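Observations on the three-dimensional arrangement
Single-letter residue listing:
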Amino acid sequence: MSTLFNNYARRPVHLVKGEGTVVEDADGKKYLDFTSGIAVVSLGHAHPAIVNAIQVQSEKLWHVSNLFESPEQEKLAASLIKDTHFAHAFFCNSGAEANEAAIKLARKHTGKSTIITFDQSFHGRTFGAMAATGQDKIKQGFGPMLDTFKTVPFNDPGALEAVIGDDVAAIMLEVIQGEGGIHAVTPEFATVISDICKSKGILCIVDEVQTGIGRTGTRYAYEQSGLKPDIMTLAKGLGGGFPIGAMLGTAELFDSFGPGTHGTTFGGNPLAVAVAQTVVDHVFEEGFLKEVNEKSNALIRKLKVSLSPDQYDIRGQGLLIGIDCKEDVAPFIRQAEEAGLLVVQAGTDVIRLLPPLTVTEEEIDQAVDVLTSILLVPTTI
Ligand code: PLP
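Right, let's walk through the structure included here. (Residues numbered from 1 in each chain as written. Predicted model: local features only at pLDDT ≥ 70, side-chain atom pairs only at ≥ 80, totals over all residues. Heavy atoms only, no water.)

What follows concerns the side chain of T21. Following the sequence through the fold, T21 ends up in the loop between β1 (15–19) and β2 (22–25). Note on T21: relative accessible area 2%, which makes it buried. When sequence neighbours within four positions are dropped, the list of residues in contact with T21 reads Y31, L32, D33, F34, P356, V359 and E363. (Helix = DSSP H or I, 4+ residues; strand = E, 2+ residues; numbered from the N terminus. Buried < 20%, exposed > 50% of the residue type's maximum accessible area, 1.4 Å probe, protein only. Contact = heavy atoms within 4.5 Å.)

Before going further, it helps to examine the site of the ligand. The full set close to the ligand counts 13 residues, and G95, A96, D207, Q210 and K236 are the nearest of them. Here an oxygen atom of the ligand sits 3.5 Å away from a polar atom, N or O, in the side chain of E179. In this structure, a nitrogen atom belonging to the ligand sits 2.7 Å away from a side-chain N or O atom of D207. Burial of the ligand by the protein chains amounts to 81% of its free accessible area of 390 Å². With respect to the pocket detection grid, the ligand is positioned in the largest pocket. Per-element tally for the shell around the ligand: the top contributor is helix α4 (residues 95–110), with 3 residues. Residues belonging to the shell around the ligand are distributed by class as follows: 3 nonpolar, 6 polar and 4 charged. (Near = heavy atom within 4 Å. Polar contact = N/O pair within 3.5 Å; in protein donor to acceptor, adjacent residues only side chain to side chain. Areas by Shrake-Rupley, 256 points an atom, 1.4 Å probe, with all protein chains shown as cover. 1 Å grid on protein atoms, 1.4 Å probe; cavity = no way out; pocket = protein on both sides within 12 Å on 5 of 7 lines; lining within 4 Å. Sits in = over half its atoms within 2 Å of the grid points. Nonpolar A, V, L, I, M, F, W, Y, C, P; charged D, E, K, R; others polar.)

When its volume is computed, the largest pocket comes out at roughly 2,000 Å³. Around the largest pocket, the lining comprises 50 residues; the ones closest to its centre are Y8, G37, I38, E179 and V344. Taken together, the elements giving at least two residues each to the lining of the largest pocket come down to α1 (36–39), α4, α6 (136–139), α11 (330–338) and β16 (344–346). Among the residues forming the lining of the largest pocket, the class breakdown is 22 nonpolar, 16 polar and 12 charged. Approximately 860 Å³ is the volume found for the second largest pocket. (Points joined across faces, edges and corners; volume = space filled by probe spheres on them.)

Residues three or four positions apart in an α-helix share a direction because the helix packs 3.6 residues into each turn. With 13 residues, helix α2 (residues 48–60) should cover 18 Å at 1.5 Å per step; its first-to-last C-alpha distance of 19 Å lies within 8% of that length. Every buried residue of α2 is accounted for by I50, A53 and Q57. Buried positions in α2, seen along its axis, are confined to an arc of 55° and lie on one side of it. Of the exposed residues in α2, those oriented more than 90 degrees away from the buried face are P48 and E59. Contact partners of the buried residues in α2: α9 (270–283). (Expected span 1.5 Å × (residues − 1). Arc of directions from axis to C-beta.)

What follows is the structure in structure tokens.
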């Protein structure tokens, strides 16, 4: 019996090293990693600039408490908010923590308690983030939930309008639902959310833990959505593999998060910030996102040429792409793994492709070849 709790359905593969998009297991078998550790390793495995950032910073200072000032955090915050309407950042260690901060800030700022979230959303596993999540399976056995979340169908204006009351602090959404099956907010629904937020003084929180930092072909996915969020949360790709999360907010929210309101021991420590700064400098560098979009177009085009639109719905943005197979994809994911391609499930029916943003066109070709060879064989054989 394992010395670990059994809370992950782990695949029987022990990965021991990686470079770029390629990872290698303990037996020396190589795989193309189209999971990026679930949207994390944005610059690929062992990117030389990240290795260097860790080496240099680890010889200087790994950790200081947030009791002391941090020009490094200030610089990273400035990079994240540059050319946006956000004004301030708070750093933490994970996506769930960033969402907890967002929930607290929204409640503190508005003095109201209800937060509206959406069916099939995923916001994390901590108590608040779990209660916010619109998937029953995530909550099973952990009730009662915090009762101030109201979860309604996604992209359904009538359902949203029906729950807007005087006690609503915020509407919280993923611009593209990642875990829930790659479902993007529609432009019409984004307009409805924006109008409600503006007219009722309700805050808009976007959870960009999975979609942020270039994953969808723009710095942040909200830039393509028509939303102008008051609060945005980030994690995953921000650290390129090193744990860090962030919450960004507008200037109006500054006074609501004064000294003593919120905090974390490790959040934004010098090592994490040095790595995240390196990631952000690369991803936000001119030309980088243009290449991400070119690769995205190539990946989508090749999938669409090979897979019939009657049977497969290919959707997503940038390098967050889903192939909806309209059946349980768990067997396909195992077959891909055997064939040397790592992919991840979204919902039940969707194969999610999340290669590093540095993936090459040749690697895209190889991945599409593996996927089509698996999907185009009748599953009864
Ligand atoms: N929010 C979204 C949209 C996510 O996809 C995830 C993780 O998959 C989280 C929050 C939780 O992030 P973490 O696992 O870092 O707590």
